[in-house]
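Coordinate analysis (summary)
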Amino acid sequence: MVSDTGFPRADAEADFLKVRRQQRMSGLARKVRGDEDRVLALDEVLKAVGNRGEQSLGVQSIPVDHIVGSVDKVREFDPSFRPTSGRNRARWERLAEAVRRGQPIPPIDVYQVGDMYFVRDGHHRVSVVRALGDSLIEADVTRIRTTLSPDGIRHRGDLRRKAMRRIFLERVPLDRLARKEVSCNDPAGYPLLAEMVEAWAARLMFREGVLLTAAHAAARWYAEEFSMVMELAREGGFVEEGEAEGDAYVRLAGTRYQLFGEHIWSEEVFEEIARAKGKQKG
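To keep things clear, this report deals only with the structure shown in the data block.

All right, on to the pairing of strand S6 (residues 136–145) then. Strand direction decides the pairing type here: strand S2 (residues 53–63) and S6, joined by ten bridges, are antiparallel. When the bridges of S6 are listed, Val59 appears paired with Asp140. Where strand S4 (residues 108–113) meets S6, five bridges bridge the pair, whose relative direction is parallel. The residue bridging Val110 from the neighbouring strand is Val141, located in S6.

Put into structure tokens, the structure is as follows:
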């Protein structure tokens, strides 16, 4: 609950002191956890998911808690848009006083990526509105279409997984249905998986004496290799709890080659993988 003494100027000064105190305490906690104490940068997110163009949506009300990043002031605000210094204190307090007096403030200017918003102009307005507990703010929105869905991104740590998946899908252009099944929780699994797919496609083309496009090779790998292997793996209980199927395939295919030195799948292969796993546990 935001306190209101009836003196907007004094309340605005108290508001700033409060958010700065919260920012300092939050910053200490993030430092202990090893988290970064700054908002997401738009260019980092677009580097991870790709940029397919922009579309102006005009002025509309947007949820304040979906504003997660900035175009160019990532170090001036923490992830909750609290100022990280007192350099612009007077400006912040003037805005807070205006909001407390019920005066209108201009719409902010943002980019929309998925359900996230990145501030191009209006950082202090966002900070004040958020500190005073408002849930909506007027914004001039420009939506950015991305190559890869940005769903699931909330922190900087999520970006590497998205970037590795985007690169994987550029190398292995699976169709929409296959993409839903072929995924890795571990970002390091994507380059290994891409190399396995490309090697499988190379062996196929050599065996059949044909040249396949990347999309055709990806479709055949999914239909003739991945789907078959993962069906057997699921039925045999070889997929570990919480393990993504892409990670499971990389693990099983790698273990198979270590044991046999061949690129085949059979009951004998899975039995030997099971025995090897049992020995590791023992």
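What follows deals with the side chain of Lys162. Summarising the element assignment, Lys162 is placed in helix H5 (residues 158–171). Asp151 provides the closest opposite charge to the buried, salt-bridge-free Lys162, at an N-O distance of 6.5 Å. A polar atom in the side chain of Lys162 sits 2.8 Å from the backbone oxygen of Asp151. Setting aside residues up to four positions removed in sequence, Lys162 forms contacts with Ala48, Val49, Leu148, Ser149, Pro150, Asp151 and Ile153.

This part covers helix H7 (residues 189–208). Every α-helix carries 3.6 residues per turn, so stepping three or four residues along brings you back to the same face. Relative to the 28 Å expected for 20 residues at 1.5 Å per residue, H7 spans 28 Å between its end C-alpha atoms, a close match to the ideal helical length. Those residues of H7 that sit buried are Gly189, Tyr190, Leu193, Ala194, Val197, Trp200, Ala201 and Leu204. The arc that holds every buried residue of H7, seen down its axis, measures 130 degrees, which confines them to one face. On its buried face, H7 is in contact with H5, helix H8 (214–236) and helix H9 (245–260). Positioned one or two residues after H7, Gly209 has a phi angle of 65 degrees, which is positive.

Turning our attention to helix H4 (residues 123–131). For H4, a buried count of seven out of nine residues is recorded, marking the element as mostly surrounded by other parts of the structure. Within H4 the residues assigned to the buried category are His123, His124, Arg125, Val126, Ser127, Val128 and Val129. Taken together, the buried residues of H4 touch strand S3 (67–70), helix H3 (89–100), S4, strand S5 (116–121) and S6. Immediately downstream of H4, the backbone of Gly133 shows phi near 90 degrees, a positive value.

Right, let's get into the pairing of S3. Strand direction decides the pairing type here: strand S1 (residues 40–41) and S3, joined by two bridges, are parallel. If you follow Ala41 over to S3, its bridge partner there is Ser70. Bridging between S3 and S5 involves three bridges; their strand directions are parallel. Note that in S5 the partner of Ile67 across the bridge is Tyr117.

Formed by 49 residues in total, the largest nonpolar core has its most connected members in Val45, Phe168, Leu174, Leu193 and Trp221. Secondary structure elements with two or more residues in this core: helix H2 (42–49), S4, S5, H5, H7, H8, H9 and helix H10 (267–281). Setting aside chain neighbours within four positions, we find Val45 in contact with Leu40, Val113, Met116, Phe118, Ile153 and Leu159. Counting 17 residues, the second-largest nonpolar core is a separate cluster that includes Val64, Ile108, Val110 and Ile137.

The next thing to look at is the packing of H8 against H9. At a closest axis distance of 11 Å, the pairing of H8 and H9 adopts a crossing angle of 90 degrees. As summarised for this structure, H8 and H9 are arranged roughly perpendicular, according to the angle between their axes. Touching Trp221, Glu225, Phe226, Val229, Met230, Ala233 and Arg234 of H8 are Glu245, Ala248, Tyr249, Leu252 and Arg256, all from H9. Counted by class, the contact of H8 with H9 contains eight nonpolar, no polar and four charged residues.

The description of two helices packed together rests on the angle between their axes and the distance between the axes. Relative orientation of the contacting elements H7 and H9 amounts to 60 degrees, with a least axis distance of 10 Å. Relative to H9, the element H7 is oriented oblique. As for the relative orientation of H7 and H9, their crossing is left-handed in sense. Of H9, the residues touching H7 (which contributes Gly189, Leu192, Leu193 and Met196) are Gly246, Asp247, Tyr249, Val250, Ala253 and Gly254. Residue composition of the contact of H7 with H9, by class: six nonpolar, three polar and one charged.

Quick look at the packing of aromatic side chains now. The description of an aromatic ring pair rests on the distance of the ring centres and on the angle between the ring planes. Counted under the stated rule, the structure contains nine aromatic pairs. On the numbers, 5.1 Å between centres and 35 degrees between planes, the contact of Trp221 with Phe226 is tilted. Overall, the relative accessible area of 0% leaves Phe226 in the buried class. Consider the rings of Tyr222 and Phe226, whose centres lie 6.0 Å apart with planes at 25 degrees: the pair is stacked. Here Tyr222 pairs with Phe226, and both are found in helix H8, just four residues apart, close to one helical turn. Assessed through its relative accessible area of 13%, Tyr222 is described here as buried. Feature note: the residues Trp221, Tyr222, Phe226 and Tyr249 constitute an aromatic cluster, connected by ring pairs.

Rules used in this analysis
- Residue numbers run consecutively from 1 along every chain, following the written order of its sequence.
- Where totals are concerned, whole chains, interfaces and linings use all residues; where local detail is concerned, this predicted model gives features only for residues with pLDDT of at least 70, and gives and counts side-chain atom pairs only at 80 or more.
- In computing side-chain values, all of the structure's heavy atoms are included and hydrogens and water are not.
- Here, strands pair whenever DSSP counts at least two bridges between them.
- The helix count covers DSSP runs of H or I at least four residues long, the strand count covers runs of E at least two residues long, and both are numbered beginning at the N terminus.
- Only protein chains enter the calculation, and the probe is 1.4 Å; a residue is then buried if its accessible area is under 20% of its type maximum, exposed if over 50%, and partly exposed in between.
- For the purpose of counting charges, residues Lys and Arg are taken to be positive, whereas Asp and Glu are taken to be negative. His and the chain ends are not included.
- Any Lys or Arg side-chain nitrogen found within 4 Å of a carboxyl oxygen on Asp or Glu counts as a salt bridge.
- Pairs of N or O atoms are called polar contacts if they sit within 3.5 Å, as long as, within protein, a hydrogen donor faces a hydrogen acceptor (for residues adjacent in sequence, only side-chain-to-side-chain pairs).
- Here, two residues are considered to be in contact whenever any of their heavy atoms come within 4.5 Å of each other.
- Multiplying 1.5 Å by the helix residue count minus one yields the expected span of that helix.
- Along the arc lie the directions from the helix axis toward the C-beta atoms.
- Definition of nonpolar core: a set of buried residues of the types Ala, Val, Leu, Ile, Met, Phe, Trp, Tyr and Cys, connected through side-chain atoms within 4.5 Å.
- To obtain each axis, a line is fitted to C-alpha atoms, and for helices this fit is confined to the stretch in contact; angles are then taken between N-to-C directions over 0 to 180 degrees.
- Each angle is binned into one of four classes, with values under 35 degrees roughly parallel, values over 145 roughly antiparallel, values of 65 to 115 roughly perpendicular, and all other values oblique.
- Under the scheme applied, nonpolar residues are Ala, Val, Leu, Ile, Met, Phe, Trp, Tyr, Cys and Pro; charged residues are Asp, Glu, Lys and Arg; polar residues are all the others, including Gly.
- Handedness of each helix crossing follows the sense of rotation of the near helix against the far helix: counterclockwise by less than a right angle gives left-handed, clockwise gives right-handed.
- Aromatic rings from Phe, Tyr and Trp, with only the six-membered ring used for Trp, were paired whenever their centres fell within 6.5 Å, and each pair was classed as stacked if the ring planes differed by under 30 degrees, edge-to-face if by over 60, and tilted otherwise.

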